[in-house]
Amino acid sequence: MKSLRDHFLRLDARSLGLFRISFALVLIADLFTRWRWVRDFYSNEGVLPNHNHLFNLRDKEQVFSLFHAFSTVGEAHFAFSLTLVAYVLFLIGYRTRVFHVLSVVLLVSLTSRNILLENAGNYAAIALLALTAFLPCGSRFSLDSLRASMALRDEQRDTELNDSSTTPEAEVQAGRLPGWSPTSLAALAVLLQLGLIYLCSALQQRGDAWRDGTAFYYALHVDRWASDAGAWLRGALPLGTLTGLTYGFRAMELAIPALLFVPAFFRFTRGIAAALMLLHGLLLGLLFDFGLFGWALVAAAPLVLPAELWDAYERSWNERRARTIVYDADCGLCLTICRLLKRLDLRGHLAFQGNTALDELLVRNQTGATEHLPMPKEVTSELVDRTVLAVDRNGRVFLRGAAVTEALLALPFGWLAWPLKLPGVSHLLDAAYELVATRRHRISALLGKQACGIPLPDEAHADGSGAEDDAPAGPAPAARTARAVAGSLREAAVLVVLAAMIAQTAKENPLPGAAAIPQGKVLAAVASWPRMLARWDVLAPEPPRSNGLVVIDGQTRASQPIDPLTGEEPGLDPAGHPAAGLGQLWTDYLDRIRRPAWSGFQRAFRDYLAKGGPLSEGGKRDNALSGFDVYWIAAPIPAPGEPPPGSDDIEREKVMSHSRGGTKRLNVGPGRSPRPVLRRHQPLN
C-alpha cells in the first residue's frame, strides 16, 4: 500500500525541482516572445486597448488581468520587467512558494489581457502551474533548499565535506527539510491533469487524416502553423516518415495516460511515460507554432520521474569525472564554495582536501567513500598556497581557472562548462580567478568569516561529545498543529480545483459519460477566472485541408500598395506568405479577428491598421494608411503526390474595409462572394 500511495499521491522532490527549473525557462521564453509585440498586444496603442477589451467582454467572459492596469507602452514594458523578475526568482527558487503563486497570477494576467491570443497552450500551462503550486517545488534544486541545507550542516573540515551520509527520510518528512514532498491530492491532480490532456487530445483526433496517416502532412503544410523547422521538414521528409509520425504521435497520446496510472513496474512505466512526454512535446514545439502547448508538456515531463530513477542516476558514478579539490583550509570563501559544490554534486564525483595535509591524495570511489592515493609530485605547499587545485584519479593537476572548470564538469549538466576550455575564454577565466583569489580573505570577511581563517569547532565537541545538544529538535507542538491546519486547507483547496478541472474537461471534451458530470456556477468560475478552460483540441478533429491566412490590401498616402503586417506588397498566394512567420500570437489573433463571433473587436483592429500596424512606432504619419481591405486568403493543400494549386483555386473572403479601401489587386480572379463589408461609417458591435 505504501508503494501505491507514493506512486499516486506523492511526487519526488527532485522531480518537482527539475520541473520548476524547466517550466520557469519556458515561462521566460514565452515572456520574451510576447515582449517583441508588447506595443501591439499589451498597450492602448495596439490592436486591443484596455477599455475596448473590457467593454467587449462584459457579461461574456470571466477575465482577470493585472495588465489591464497598464495602458502606455512604457507602462507595459515596466509590467513585463516585473514579470521577468518574478519568473527569474521562481527559476532559482527564492521564496519559491511566493513566486510560484505570483507566476501563476502573472501568466493568467498575460493570457487574459488579450483573450484573442490564447490557445490550448495557455490552458495547459496555467493548469499545470496552478496545481503544482500546492506542492513544494522549492524543496530541491533551489536557493531556498540550498540555504536550508547549508544551515542544517555547517561543515568546517574536509572530513565533514567528504561525509556522504544523507538525512533519514523520516527526519526529512518530520522537519520538512530539503527533499521533503508530502502525500497530497495535489500529486494525483497533476497526474490526472496530464493524463486528461493526452487522452482528450487523442479522442478528438478522429478525422480521416489521422486514420490514413496524412495528419502531419497536412498540418505541416498549414503555413500559419508550421515553424521554420516544420516548413523545412515537410519538403525534406518522405511521405512514409510523415505517416509514421502521424501514427506514432497519436499512439503516444494514448500510451502516456495508461503508463502514468499502471499500478506496477513503477520505475519503468513512469520512465517511459516521461520519455514519451518529452518526445511528444518536442514534436509539437519544434515543428509547430502552437505557443506554450508543446513546451509546457516538455517542461512537465520531469514531474513523472519516479524516485527509483533519481536514485539510479545518483548511483551512476563515472570514474572519468571524479576530481579532488584541494582548497585553502584557512579561507572562508574557499570553504563556502566547497560546501556549495558538495550540494550540487549529486553523483558524488568530488572529494575535498584542505591544503594543510599533502602526504596523500583523497579521492572518491564508486561507493561514496574516500580512498588514499599518492599525491602527484608537482603538488607542493607553495603551489597550494597560491591556487586551488583539481586532481583527477590519474594524477593530472589543474590550476586556477582550469581547476574551476574541472569542478564544474564533474557536476550534473557539467558539459555546459566545456566552453570555458576554449582559448581566450580560459584566459579570461584565469584572470577572473586571480582577481578573486588575491582578495579571498577580504571577501571571506565580508561573508562573515574570519579574514585569516575560519573558526574550528569547539574542542569540547571534537570527540563527538555534546552532539546530542546540537541535534535538531523536532517541530514544536504549535508548529505541528499549524502544519496540520495548513495541510488540511491545502487538501481542501486542491479538491475544489481538481473537481473544477474534471468538470471543465468533461464540458469541453468528448469523454465517455462526460454529460453526467455536473459543473455548476462555482466550479465554472474556478476554471474560468484563471483561464483553465481545458480545451484539448490541438490538431483535432484533423488538420485543415486548406492553407489560409489574413492578407491586408493597403495603400499609403502616396497610393503605394503595402500589407502592414509584412511591409511588402500584398500577395494572393498564402503559401510562403511572410505573414505566416509572425508567430503564434499573430496567428491566433488574426484567425479569430476575421470571424463574426469576434466582430466587436474589429473596430480597434481597424484603427490600429490605419495608424500603420506593426510596422509603425507611435503612429507616425508616413506609416499611416489611407485605406485598406482585409481578406482571408485560402488555397487548398494538394493531396500527397498532387501538384500545388493554381491561382484559380485560391479563395478570398473580405473581412473589413477602411476609408477608400485597398488597391483592389486582390479582387482579380475568381473567388467567393465577400460577406458584408464593414465600412467606416457602420457601427461595429
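Residues numbered from 1 in each chain as written. Predicted model: local features only at pLDDT ≥ 70, side-chain atom pairs only at ≥ 80, totals over all residues. Heavy atoms only, no water.

### Re the sheet that holds strand β2 (residues 350-354)
No. 1: Pairing in this open sheet of four strands is mixed, and the strands run β2-β1-β5-β6 from one edge to the other. Only two strands of the sheet have a single neighbouring strand rather than two, namely β2 and β6 (397-399). The mean angle between the axes of side-by-side strands here comes to 25 degrees, regardless of whether they run parallel or antiparallel.
No. 2: Relative to strand β5 (residues 389-392), strand β1 (residues 323-327) runs antiparallel, the two being bridged by four bridges. Bridged to R323 within β5 is D392. (Pairing = 2+ DSSP bridges. Helix = DSSP H or I, 4+ residues; strand = E, 2+ residues; numbered from the N terminus. Axes fitted to C-alpha atoms, helices over the stretch in contact; angles between N-to-C directions.)

### Notes on a nonpolar patch on the surface
No. 1: A grouping of F413, W415, L416 and W418 is seen on the molecular surface, where their side chains present a nonpolar patch of about 540 Å² in accessible area.
No. 2: Checked against the element boundaries, W418 lands in the loop between α21 (400-409) and α22 (425-437). (Patch = residues over 30% accessible without salt bridge, like charges linked within 9 Å, V, L, I, M, F, W, Y side chains within 5 Å. Areas by Shrake-Rupley, 256 points an atom, 1.4 Å probe, with all protein chains shown as cover. Salt bridge = Lys/Arg side-chain N within 4 Å of Asp/Glu carboxyl O.)

### Some words on the sheet that holds strand β8 (residues 561-562)
No. 1: On the basis of which strands lie adjacent, the open sheet formed by four strands has the order β8-β7-β9-β10 and antiparallel pairing. With partners counted over all chains shown, the strands left at the sheet margins are β8 and β10 (651-659), one partner each.
No. 2: Both strand β7 (residues 546-556) and strand β9 (residues 625-636) contribute to a ladder of 11 bridges, which runs antiparallel. Looking at the pairing, Q555 lines up with G627 of β9.
No. 3: Most of the contacts of helix α28 (residues 602-610) go to β10, to which it runs at about 75 degrees, and overall it touches β7, β9 and β10. (Contact = heavy atoms within 4.5 Å.)

### Some words on helix α26 (residues 520-528)
No. 1: Residues of α26 that are buried: L523, A525, A527 and S528.
No. 2: Its buried side turned inward, α26 meets α25 (477-508). (Buried < 20%, exposed > 50% of the residue type's maximum accessible area, 1.4 Å probe, protein only.)

### Some remarks on the packing of aromatic side chains
No. 1: Inspection of every chain in the model, using the stated rule, returns 23 aromatic pairs.
No. 2: Their ring planes at 55 degrees and their centres at 5.8 Å tell us that F41 and Y589 sit as a pair that is tilted. In this pair, F41 sits in helix α3 (residues 38-42) while Y589 sits in helix α27 (residues 584-593), placing the two residues 548 residues apart along the sequence. Neither residue differs from the other here; F41 and Y589 are each classed as buried.
No. 3: Seen from their ring centres, Y589 and F605 are 5.4 Å apart, and the 70 degrees between their planes marks the pair as edge-to-face. Note that Y589 is positioned in helix α27 and F605 in helix α28, a separation of 16 residues in sequence. Comparing Y589 with F605, the two get one shared label, buried.
No. 4: The ring centre of Y218 lies 4.3 Å from the NZ or CZ of R545, which sits over that ring.
No. 5: Above the ring of W632, the side-chain terminus of R594 is found at 3.6 Å from the ring centroid. (Phe/Tyr/Trp six-rings, centres within 6.5 Å; stacked < 30°, edge-to-face > 60°. Lys NZ or Arg CZ within 6 Å of the ring centre and 35° of its normal.)

### Topic: the environment of P640
No. 1: Tracing the backbone through its elements, the reader meets P640 in the loop between β9 and β10.
No. 2: With 426 residues separating them in the primary sequence, P640 and T214 have C-alpha atoms 8.2 Å apart.
No. 3: Apart from the residues lying within four places of it in its own chain, the contact partners of P640 are T214, Y217, Y218 and L239.

### Digging into the pairing of β9
No. 1: Extensive coverage of β9 is indicated by the burial of 11 of its 12 residues.
No. 2: With eight bridges connecting them, β9 and β10 associate as antiparallel partners. Residue V630 lies in a different strand from β10, and its bridge partner there is M656.

### Examining unusual backbone geometry
No. 1: A cis amide bond links A540 to the next residue, P541, at an omega of -10 degrees.
No. 2: Assignment of secondary structure puts P541 in the loop between α26 and β7.
No. 3: A positive phi is found at A534, a non-glycine position, where the angle reads about 60 degrees.
No. 4: Notably, S659 is not glycine yet its phi reads approximately 55 degrees, a positive angle.
No. 5: One can find S659 in strand β10.
No. 6: Here S659 falls in the partly exposed class, since its relative accessible area comes to 35%.

### Some remarks on the nonpolar core
No. 1: Among the nonpolar cores identified, the biggest contains 131 residues, and F293, W586, Y589 and F605 are the most heavily contacted of them.
No. 2: Excluding residues that lie within four positions of it along the chain, F293 makes contacts with A120, G121, A124, I197, S201, L284, W536 and V538.
No. 3: In terms of nonpolar packing, the next biggest core, distinct from the first, is built from 17 residues, Y327, A390, A407 and L411 among them. (Core = buried A, V, L, I, M, F, W, Y, C linked by side-chain atoms within 4.5 Å.)

### Brief notes about the pattern of salt bridges
No. 1: In this structure the tally under the stated criterion is 28 salt bridges.
No. 2: For R34, the salt bridge is made with D30, and the minimal N-O distance between the two is 2.8 Å. With R34 and D30 both in helix α2 (residues 13-35) and four residues apart, the pair spans about one turn of that helix.
No. 3: The exposure class assigned to R34 is buried, which follows from its relative accessible area of 3%.
No. 4: Two residues, K664 and D629, come together in a salt bridge whose shortest N-O distance is 3.2 Å.

### Side note on the packing of helix α16 (residues 266-287) against helix α17 (residues 292-300)
No. 1: Two numbers describe how α16 lies on α17: the axes approach to 7 Å, and their chain directions differ by 155 degrees. Viewed along their axes, α16 and α17 adopt a mutual orientation that is roughly antiparallel. Here the hand of the crossing between α16 and α17 comes out left-handed. On α17, the residues that touch M277, L278, H280, G281, L282, L284, G285 and L286 of α16 are F293, G294, W295, L297, V298 and A300. (Parallel < 35°, antiparallel > 145°, perpendicular 65-115°, else oblique. Left-handed = near helix turned anticlockwise from the far one by under 90°.)

### Some thoughts on the side chain of T132
No. 1: Tracing the backbone shows T132 in helix α7 (residues 120-132).
No. 2: At 2.7 Å, the side chain of T132 forms a polar contact with the backbone oxygen of L128.
No. 3: Not counting residues within four places of it along the chain, the set of residues in contact with T132 comprises F19, H100, C137, V190 and L303. (Polar contact = N/O pair within 3.5 Å; in protein donor to acceptor, adjacent residues only side chain to side chain.)

### Here we look at the environment of L429
No. 1: Along the polypeptide, L429 turns up in helix α22.
No. 2: L429 sits in the buried class, given a relative accessible area of 19%.

### Considering the side chain of N52
No. 1: Relative to the elements of secondary structure, N52 occurs in helix α4 (residues 50-57).
No. 2: Relative accessible area serves as the criterion here: at 13%, N52 is assigned to the buried category.

### Considerations on the pairing of β7
No. 1: Burial analysis of β7 places 10 of its 11 residues in the buried class, the great majority of the element.
No. 2: Judged from the two bridges that link them, β7 and β8 form a sheet pairing that is antiparallel. Bridging across to β8, G554 finds its partner in I562.
No. 3: What sits between β7 and β8 in their antiparallel hairpin is a turn of four residues, with S559 showing a positive phi close to 65 degrees.

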